[in-house]
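Observations on the model geometry
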Amino acid sequence: MTNRAVPLIRCQHIEKRFGYRRVLRDVSFSVAAGEVLSLLGANGSGKTTLLRIIASLDRPDKGEVWLGPVPLSTASHEIRRYVGVVAHATLLYDRLTGAENLRFFARLYDLEEPQRRIEQLLRTLDLWRWRDSSVRTYSRGMSQRLAIARALLHDPPVVILDEPDTGLDRESLKQITDLIGQLRARDRAVLVTTHSLERAAAWADRVAELRAGRLHLMEGPDRILQ
């Protein structure tokens, strides 16, 4: 059983600049196993930059990120197997079917006998009936759900969802809400960004907001701690 008190994500004093613009200012927080943290923030607030740093796709100018016990500053590229990321781009191949996409990414992860895992994810995300349909025929919600299946194929302990609710219908939103609950129950650490305070509060154990590069934790549904 995973110790829920153990941080699977730990950021300490993260700073990032682009030229003269300081995007992240002394950002520190942690997310434990079995915990969901929702991150709010306007466009340009630094949310995606922070997620890229945690996913080891970018480096901070100052500070350190740990995934479990491993500091990213000294980690190899293998640390990326520790994380599943759903970004704005789905990273799917339109000419392949849903099942073919997942089989392709399963090979990249060196998964042995992945078919059971692929079927499980497609059924969980209500895509099984379209498994043999080309992704170019998928709706926005279906493509987003398949991107989530891609990110979860290797069963990572850390899951990052960057605005997974953008442009989705009510049914797709419900499926993502249910999935986040399942990830929490399976002791995954989940960091999710959204523009919706209502969804942020519904999904998460804690809610934070990035403003002017600084992280502010919420104390209640209407109050942001300074």
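Check the entry above for the structure.
A brief look at the structure comes next. Because the structure is a prediction, the values reported are computed rather than measured.

**Some words on the environment of Gly181**
- By the secondary structure assignment, Gly181 is in helix α5 (residues 170-185).
- For Gly181, a relative accessible area of 27% puts it in the partly exposed group.
- Sequence-wise, Gly181 and Glu35 are 146 residues apart; in three dimensions their C-alpha atoms are separated by 9.8 Å.

**Some details on the sheet that holds strand β1 (residues 7-18)**
- Pairing within the open sheet is antiparallel, and its four strands lie in the order β2-β1-β4-β5. Each having just a single partner strand, β2 (21-32) and β5 (70-71) make up the two edges of the open sheet.
- Contacts from helix α1 (residues 47-54) reach β1, β2 and β4 (62-67) within the one sheet, and its direction differs from that of β2 by about 55°.

**Re the packing of aromatic side chains**
- One pass over the structure, following the stated rule, counts three aromatic pairs.
- Ring geometry for Tyr93 and Phe104: centres 5.3 Å apart, planes at 80°, overall edge-to-face. Of this pair, Tyr93 sits in the loop between β6 (83-86) and α2 (98-108) while Phe104 sits in helix α2; the two residues are 11 residues apart in sequence, bridging distant segments of the chain.
- On the basis of relative accessibility, which here comes to 24%, the residue Phe104 falls in the partly exposed class.
- Each ring, one from Phe104 and one from Phe105, has its centre 5.3 Å from the other, and the planes form 80°; the classification is edge-to-face.
- In this structure Phe105 comes out as buried when scored by relative accessible area, which is 10%.
- Taken together through their ring pairs, the aromatic side chains of Tyr93, Phe104 and Phe105 make up a single cluster.
- The residue whose ring lies beneath Arg131 is Trp128, and the NZ or CZ to ring-centre distance is 3.9 Å.
- Here the basic side chain of Arg150 rests over the ring of Phe105, its NZ or CZ set 5.8 Å away from the ring centre.

What counts as what
- Residues numbered from 1 in each chain as written.
- Predicted model: local features only at pLDDT ≥ 70, side-chain atom pairs only at ≥ 80, totals over all residues.
- Heavy atoms only, no water.
- Helix = DSSP H or I, 4+ residues; strand = E, 2+ residues; numbered from the N terminus.
- Buried < 20%, exposed > 50% of the residue type's maximum accessible area, 1.4 Å probe, protein only.
- Pairing = 2+ DSSP bridges.
- Contact = heavy atoms within 4.5 Å.
- Axes fitted to C-alpha atoms, helices over the stretch in contact; angles between N-to-C directions.
- Phe/Tyr/Trp six-rings, centres within 6.5 Å; stacked < 30°, edge-to-face > 60°.
- Lys NZ or Arg CZ within 6 Å of the ring centre and 35° of its normal.

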